[in-house]
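# Structural features, examined
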Amino acid sequence: MDKQKCILIVEDEKNIVDILRFNLQREGYDTREAYDGADGLDKARSENPDLILLDVMLPKMNGFDVCQKLREEGNNVPVIILTAREEEADKVLGLEIGADDYITKPFSMRELIARVGANIRRTAMAAPAAATAADAAMPVAGDLAINTDSHQVFRGGRAIDLTQREYELLTFLASHPNKVYSRVDLMEQVWNYGYVGDDVRTVDVTVRRLREKIEENPASPAYILTRRGVGYYFFA
Ligand code: CA
């Protein structure tokens, strides 16, 4: 099975990150996000992305320093610098310090996707695919993947330890993305109980535990969302 190509987005403007993530995922890419240069550098090292979209003006460490640091470490991941149009000199500096390409903001998404594809193809190497459970896992959303054979859930390639019920709740919701289920529905579907009064709180507790395990920020979940007054759904 072909491993999904992973794009690391390093950008401090959340709305840009969101639109990039959405469009890249729609094109079949897996994505990671970092909102400052230091975290971007960490994720570039730890997540081993296939390409980095790197903003220049970033908190903590600017994009040039991130790129330069990676190159000094011998990391040859393709880097596309995202630069503001008025900072035309940036593109020269960016290429000098080892970026592969640059794109000026505001960019057209079509152009960006084309550049990403071109840079990945250009640098594609026949990396042998390890037949691990993580590789065989089906991506469901963001960096979350489920291997229904091994009953394992992965985030960013790392296995997450879930109880059987947490696993069943997650796979049930994820297999019906964006469909909202009431607590009673979930009791019936996942717990196989009929309506059992106050026991529906079990659903809330399980959702909370699941969020603590799979969400980057459980207080502001990205995967399992609440539709107030209705129930829960898996956002994809
Ligand atoms: Ca910025």
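Scroll up for the structure.
The rules we used
Positions within a chain are numbered from 1, following the residues in the order the chain's sequence is written. Owing to the predicted nature of the model, reporting of local features is limited to residues with pLDDT of at least 70; listing and counting of side-chain atom pairs is limited to 80 or more, with chain, interface and lining totals taken over all residues. Here the side-chain values reflect all heavy atoms present in the structure, with hydrogen atoms and water set aside. Pairing of aromatic rings covers Phe, Tyr and Trp, the last counted by its six-membered ring, and requires centre-to-centre distances within 6.5 Å; plane angles under 30 degrees mean stacked, over 60 mean edge-to-face, and any other angle means tilted. Helix and strand labels come from DSSP, where a helix needs a run of H or I of at least four residues and a strand needs a run of E of at least two; each type is numbered from the N terminus. Burial classes follow relative accessibility: with a 1.4 Å probe on protein chains only, a residue under 20% of its type's maximum area counts as buried, one over 50% as exposed, and anything between as partly exposed. A ring is considered to have a charge above it if a Lys NZ or an Arg CZ atom is located within 6 Å of its centre and within 35 degrees of its normal. Counting of polar contacts relies on pairs of N or O atoms within 3.5 Å, with two restrictions inside protein: one atom must be capable of donating a hydrogen and the other of accepting it, and residues adjacent in sequence are counted only when both atoms are side-chain atoms. Should any heavy atoms of two residues lie within 4.5 Å, those residues are counted as being in contact. A strand pair is defined by DSSP finding two or more bridges across the two strands. By convention, a crossover is right-handed whenever its connection, traced from the first strand over the helix to the second and viewed with the strands pointing away, goes clockwise.

### A closer look at the packing of aromatic side chains
Aromatic ring pairs are described here by two measures, namely the spacing of the ring centres and the angle between the planes. One pass over the full model with this rule turns up 2 aromatic pairs. Ring plane angle 15 degrees and centroid distance 6.1 Å describe the contact between tyrosine 223 and phenylalanine 234, whose orientation is recorded as stacked. Taken together, the positions of tyrosine 223 in the loop between helix 9 (201-214) and strand 10 (224-227) and phenylalanine 234 in strand 11 (residues 231-234) put the pair 11 residues apart, joining distant regions of the chain. Among the residues examined, tyrosine 223 registers a relative accessible area of 9% and is labelled buried. On the accessibility criterion, phenylalanine 234 (0% relative accessible area) is buried. Of note, lysine 179 hangs over the ring of tyrosine 181, and the distance from its end group to the ring centre comes to 5.1 Å.

### Overview of unusual backbone geometry
Looking along the chain, the bond that leaves lysine 105 and enters proline 106 is cis, with omega of -5 degrees. Position of proline 106 relative to the elements: it lies in the loop between strand 5 (101-105) and helix 5 (109-123). One non-glycine residue, asparagine 48, lies in the positive phi region at around 50 degrees. Residue position: asparagine 48 is located in the loop between helix 2 (37-46) and strand 3 (51-55). A positive phi angle, near 75 degrees, is found at lysine 60, a position not held by glycine. Positionally, lysine 60 belongs in the loop between strand 3 and helix 3 (63-72).

### Digging into the side chain of glutamate 33
With respect to the helices, strands and loops of the structure, glutamate 33 is situated in strand 2 (residues 30-34). Exposure remark for glutamate 33: the relative accessible area of 19% places this residue in the buried category. Side chain to side chain, glutamate 33 and arginine 21 meet in a polar contact 3.3 Å long. Only 2.8 Å separates the side chain of glutamate 33 from the side chain of threonine 31, close enough to count as a polar contact. Apart from residues no more than four positions distant in its own chain, glutamate 33 is found in contact with Leu8, Ile9, Val17, Arg21, Asp39 and Lys43.

### Some thoughts on the pairing of strand 10
As judged from the 4 bridges shared by strand 10 and strand 11, these two strands associate in the antiparallel manner. Across the sheet, residue isoleucine 224 finds its bridge partner in strand 11, namely phenylalanine 234. In this antiparallel pair of consecutive strands, strand 10 and strand 11, the connection spans 3 residues, and glycine 229 shows a positive phi of 80 degrees.

### Regarding the pairing of strand 1 (residues 6-10)
The buried fraction of strand 1 amounts to 5 of the 5 residues, a majority that puts the element mostly inside the structure. Side chains Cys6, Leu8 and Val10 of strand 1 all project onto a buried face; the interleaved residues Ile7 and Ile9 project onto the opposite face, where all are buried too. With respect to chirality, the unit in which strand 1 leads through helix 1 (residues 14-26) into the neighbouring parallel strand 2 is right-handed. Here strand 1 runs beside strand 3; their pairing, made up of 4 bridges, is parallel. Across the sheet, residue isoleucine 7 finds its bridge partner in strand 3, namely leucine 51.

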